[in-house]
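Each chain is listed here by its residues.
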Amino acid sequence: MALGALEGARQTLTDRAVAALRAAIVDGRLRAGELYSVARLAERLQVSRTPVREALLLLERQGMVRFERNRGARVLESSAHDLDEVFALRLLLEVPAARRAAELVGERELAELTAILDAMREQIDGGDERAFMIHDRRFHEALLAAAGNRRLVGVVGSLRDFVRFRGASTVGRGRDLRAIYDEHVRILDALRAGDAAAVGDAMRDHLVRTRRLLLAADPASATDAGAEPPWPARLS
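Residues numbered from 1 in each chain as written. Predicted model: local features only at pLDDT ≥ 70, side-chain atom pairs only at ≥ 80, totals over all residues. Heavy atoms only, no water.

### Considering the overall build of the protein
- Within the protein, the regular secondary structure consists of 10 helices and three strands.
- Helices and strands appear in the protein in the N-to-C order α-β-α-α-β-β-α-α-α-α-α-α-α.
- Expressed as a percentage of the 236 residues in the protein, the buried residues total 48%.
- When contacts within the protein are restricted to residue pairs at least 6 apart in sequence, long-range pairs at least 24 apart make up 69% of them.
- Carbon and sulfur atoms provide 48% of the accessible area of the protein, an area that totals close to 11,900 Å². (Helix = DSSP H or I, 4+ residues; strand = E, 2+ residues; numbered from the N terminus. Buried < 20%, exposed > 50% of the residue type's maximum accessible area, 1.4 Å probe, protein only. Contact = heavy atoms within 4.5 Å. Areas by Shrake-Rupley, 256 points an atom, 1.4 Å probe, with all protein chains shown as cover.)

### Some points on empty space enclosed by the protein
- Applying the stated rule across the entire model yields one cavity of 30 Å³ or more.
- Taken together, I25, L30, Y36, L41, L56, V65, A73, R74 and V75 form the lining of the largest cavity.
- Top element by residues in the lining of the largest cavity is strand β3 (residues 72-75). It accounts for three residues. (1 Å grid on protein atoms, 1.4 Å probe; cavity = no way out; pocket = protein on both sides within 12 Å on 5 of 7 lines; lining within 4 Å. Points joined across faces, edges and corners; volume = space filled by probe spheres on them.)

### As for the layout of surface pockets
- What the second largest pocket holds in volume is close to 260 Å³.
- Lining of the second largest pocket is provided by R22, R61, Q62, M64, D82, E85, V86, L89, V155, S158, L159 and F162.
- Those elements giving two or more residues to the lining of the second largest pocket turn out to be α4 (80-104) and α7 (151-165).
- The class makeup of the residues in the lining of the second largest pocket is six nonpolar, two polar and four charged. (Nonpolar A, V, L, I, M, F, W, Y, C, P; charged D, E, K, R; others polar.)

### Digging into the environment of E85
- Here E85 is to be found in helix α4.
- For E85, a relative accessible area of 43% puts it in the partly exposed group.
- Once the C-alpha coordinates of E85 and L159 are considered, the two residues, 74 residues apart in sequence, prove to be 9.7 Å apart.

### Examining the pattern of salt bridges
- Counted according to the given criterion, the structure contains 13 salt bridges.
- Among the salt bridges present, the one from D136 reaches R160, with a minimum N-O distance of 3.1 Å. Placement of the pair is D136 in helix α6 (residues 129-146) and R160 in helix α7, with a sequence separation of 24 residues. Here D136 matches R160 in class, with each residue buried.
- For the salt bridge of D189 with R192, the shortest nitrogen-to-oxygen distance reads 3.3 Å. Here D189 and its partner R192 are both found in helix α8 (residues 177-193), three residues apart, which amounts to about one turn of the helix.
- Within the structure, one salt-bridge network assembled from shared partners comprises R66, E68, R71 and R74. (Salt bridge = Lys/Arg side-chain N within 4 Å of Asp/Glu carboxyl O.)

### Details of unusual backbone geometry
- Of note in the backbone geometry, Q46 takes a positive phi value of approximately 60 degrees without being a glycine.
- Q46 sits in the exposed class, given a relative accessible area of 57%.
- At N70, a position not held by glycine, the phi torsion is positive, near 60 degrees.
- Of note, N70 is situated in the loop between β2 (65-68) and β3.
- Overall, N70 belongs to the exposed group, its relative accessible area being 77%.

### Some remarks on the sheet that holds β2
- With respect to topology, three strands assemble into an open sheet ordered β1-β3-β2, the strand pairing being antiparallel. Each end of this open sheet is capped by a strand with a single partner; those strands are β1 (35-36) and β2.
- Two strands pair when backbone bridges link them, and β2 and β3 are joined in this way by four bridges, in the antiparallel orientation. Residue pairing in the sheet places V65 in a bridge with V75 of β3.
- Contacting β2 and β3, helix α3 (residues 49-61) crosses the sheet at an angle of about 120 degrees to β2. (Pairing = 2+ DSSP bridges. Axes fitted to C-alpha atoms, helices over the stretch in contact; angles between N-to-C directions.)

### As for α6
- The first and last C-alpha atoms of α6 sit 25 Å apart over 18 residues, in line with the 26 Å expected at 1.5 Å per residue.
- Along α6, the positions that sit buried rather than exposed are A131, F132, H135, D136, R137, F139, H140, A142, L143, L144, A145 and A146.
- Measuring from the backbone nitrogen of R130 back to the side-chain oxygen at the start of α6 gives 3.3 Å, which picks out D128 as the cap.
- Downstream of α6 by a residue or two, G148 has a phi angle that is positive, lying close to 90 degrees. (Expected span 1.5 Å × (residues − 1). Polar contact = N/O pair within 3.5 Å; in protein donor to acceptor, adjacent residues only side chain to side chain.)

### Points about the nonpolar core
- In this structure, F139, L143, I187 and L191 are the most contacted members of the largest nonpolar core, which totals 46 residues.
- Here this core gets 10 residues from one element, more than from any other, and that element is α4.
- In this view, I187 contacts F139, L143, V199, A202, M203 and H206; residues no more than four positions away in its chain are not counted.
- In terms of nonpolar packing, the next biggest core, distinct from the first, is built from 24 residues, L3, L13, L30 and A55 among them. (Core = buried A, V, L, I, M, F, W, Y, C linked by side-chain atoms within 4.5 Å.)

Okay, structure coming up:
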């Protein structure tokens, strides 16, 4: 388990421990279903137990770990139902935010989004999914920021992390990097046109398609994956 040493004041250490542990969960260094003692994690991070315990309590509230009495924290395995809930929340947050962005976006924000899309396109030929998805995340963050509510960036980021630590990807499961890129192009084209309704529709379609493909990859939910989710029609 490769976790680097942390340094700094207590609160800073807690924040950094949260970031380090979340990243380790997302990329699989801390494995779903495994139990980890606070002492062991503190030793790996080379800090006292207090900031690690506080970090794990925060991650527990975010649904990533569960404390077990006198044993430590277990990294939680998520279900298809959990995944469905995440996308319901993302639709509630990102679709209206995309519409709002269409009303507020300026040339600077459009230039930033265009540059991110250009970076995404560069990764297609090389097939570098990891680098591509970093830019994918940046696109969504920049769009949320353009809507004028930067708190949404962190909230939606946590929801995306939940999907990532589940090991979920739609690449090779009904669409490739080019198809994902094209969905983002549609969003940006609508933004450039200032068409708030079209931006919202493009974002909704992108999220619903992602949800459907991820569920189709889960044997426990594959039979229901093709069905329309119960929530999009109610999130207009």
